[in-house]
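Residue strings, one per chain:
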Amino acid sequence: SAPYMGVEIEVDADHHISISPILDWLWDEWGDFLHQEHDGSLEYGFENITMPASLSYHLSVMDKYRETFDHLLDCGLRGHDIGTAGIHVHIDRTYFGSYQDSAIAKLLFIFEKYRAELQKFARRTTYQLDRWARSRKTCSDSSPWIKKTVKEAKEYPSYQDRYYSVNLCNADTIEIRIFRSTLNIETFEAILRFVDRLAYVAKTVRAVDVASMSFEELIGDDELVLAYWKRIGGAE
């Protein structure tokens, strides 16, 4: 089975833009698969939220994403080039079945161990990460912090701080919040393929093997993801 992923694509601008015609265009293009919401962290833009879908479905509409991204750019909106906007990917928790706790623990471990590489992959500055996608380990005073985090996250309502790389506040999804936004279609596709890979690793690879993986092994052999990693200067 494949994880269902819902994606939030934030776009913003550095000046006031007339949003209504853009929203009408998006509705005509996507219907209710892609809906828009206001987000308090954005100055003039908005957030585009997809329905949950498998990677293969997202890939099947990649041309439509490309057309949409070009249109948003033409309208003066930006993804990467504006510091406020991010891309968040929600992984459906049911994908992990009865292994949910161990999968979360592995994701927490991965996001700590490879924080420097993931920061580069996500195209984020340290300031941006510390603001919107903090490290859980540095926020925990407990040595078995992973176990503690997994346990506390089950008490969702009392666990409302979502500004971590791995956000566990949602009952139905695990949210990966680390990525800077983009309206570059290759970058967008690489992010989706990479999160799909992360979900697979968290579900199927034993913790002891995750612990000994290199970041390149974590990325896997997806050519598009590897090409992206090389393009942004990640591969030595």
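Placed above this text is the structure.
Visitor: Outline the sheet that holds strand β3 (residues 46-50), supporting the account with residue identities and numerical values.
Guide: Judged by pairing direction, the sheet is antiparallel, and its 6 strands sit side by side in the order β2-β3-β1-β4-β6-β5 without closing on themselves. What marks the edges here is a single partner per strand, and that holds for β2 (34-37) and β5 (166-167). Bridge analysis of β2 against β3 gives 4 bridges, and the strand direction is antiparallel. When the bridges of β3 are listed, Gln36 appears paired with Asn48.

Visitor: Pulling in residues and values, what's your account of helix α11 (residues 223-231)?
Guide: Turning to α11, its buried residues are Val225, Tyr228 and Trp229. Projected down its long axis, α11 carries its buried residues within an arc of 100°, all on one side. Across from the buried face of α11, at angles greater than 90 degrees, the exposed residues are Glu223 and Lys230. Taken together, the buried residues of α11 touch α5 (115-122), α8 (185-204) and α10 (215-219). For α11, the side-chain oxygen to backbone nitrogen distance between the N-cap and Leu224 is 2.9 Å, and the N-cap itself is Asp222. Note on α11: the residue one or two positions beyond its end, Gly233, has a positive phi of about 85°.

Visitor: Quick one: what's the story with the nonpolar core, residue by residue and with numbers?
Guide: Residues Tyr65, Ile110, Phe111, Phe179, Phe188, Phe194 and Phe215 are the most contacted members of the largest nonpolar core, which totals 62 residues. The element best represented in this core is α8, accounting for 11 residues. Other than its neighbours up to four places away in sequence, Phe111 contacts Leu118, Ser165, Val166, Ile176, Ile178 and Leu198.

Visitor: Provide a residue-level description of the pairing of strand β6 (residues 173-180), including the pertinent values.
Guide: Remark: a regular strand shows side chains that alternate across the two faces of the sheet. Of all the 8 residues making up β6, 8 are buried; the element is thus mostly covered by neighbouring parts of the structure. Bridge count between β5 and β6: 2 bridges; the pairing is antiparallel. Bridged to Asn167 within β6 is Glu175. The hairpin formed by β5 and β6 contains 5 residues between the paired strands.

Visitor: Residue-level account of helix α3 (residues 62-74), with values.
Guide: For α3, spanning 13 residues, the distance from its first C-alpha to its last is 18 Å, which sits close to the expected 18 Å at 1.5 Å a residue. Burial in α3 covers these residues: Met62, Tyr65, Thr68, Phe69 and Leu72. The arc that holds every buried residue of α3, seen down its axis, measures 115°, which confines them to one face. Of the exposed residues in α3, those oriented more than 90 degrees away from the buried face are Asp63 and Asp74. Each element contacted by the buried residues of α3 is listed here: β1 (5-11), α1 (20-30), β3, α2 (55-60) and α8.

Calculation criteria
- Residues numbered from 1 in each chain as written.
- Predicted model: local features only at pLDDT ≥ 70, side-chain atom pairs only at ≥ 80, totals over all residues.
- Heavy atoms only, no water.
- Pairing = 2+ DSSP bridges.
- Helix = DSSP H or I, 4+ residues; strand = E, 2+ residues; numbered from the N terminus.
- Buried < 20%, exposed > 50% of the residue type's maximum accessible area, 1.4 Å probe, protein only.
- Arc of directions from axis to C-beta.
- Contact = heavy atoms within 4.5 Å.
- Polar contact = N/O pair within 3.5 Å; in protein donor to acceptor, adjacent residues only side chain to side chain.
- Core = buried A, V, L, I, M, F, W, Y, C linked by side-chain atoms within 4.5 Å.
- Expected span 1.5 Å × (residues − 1).

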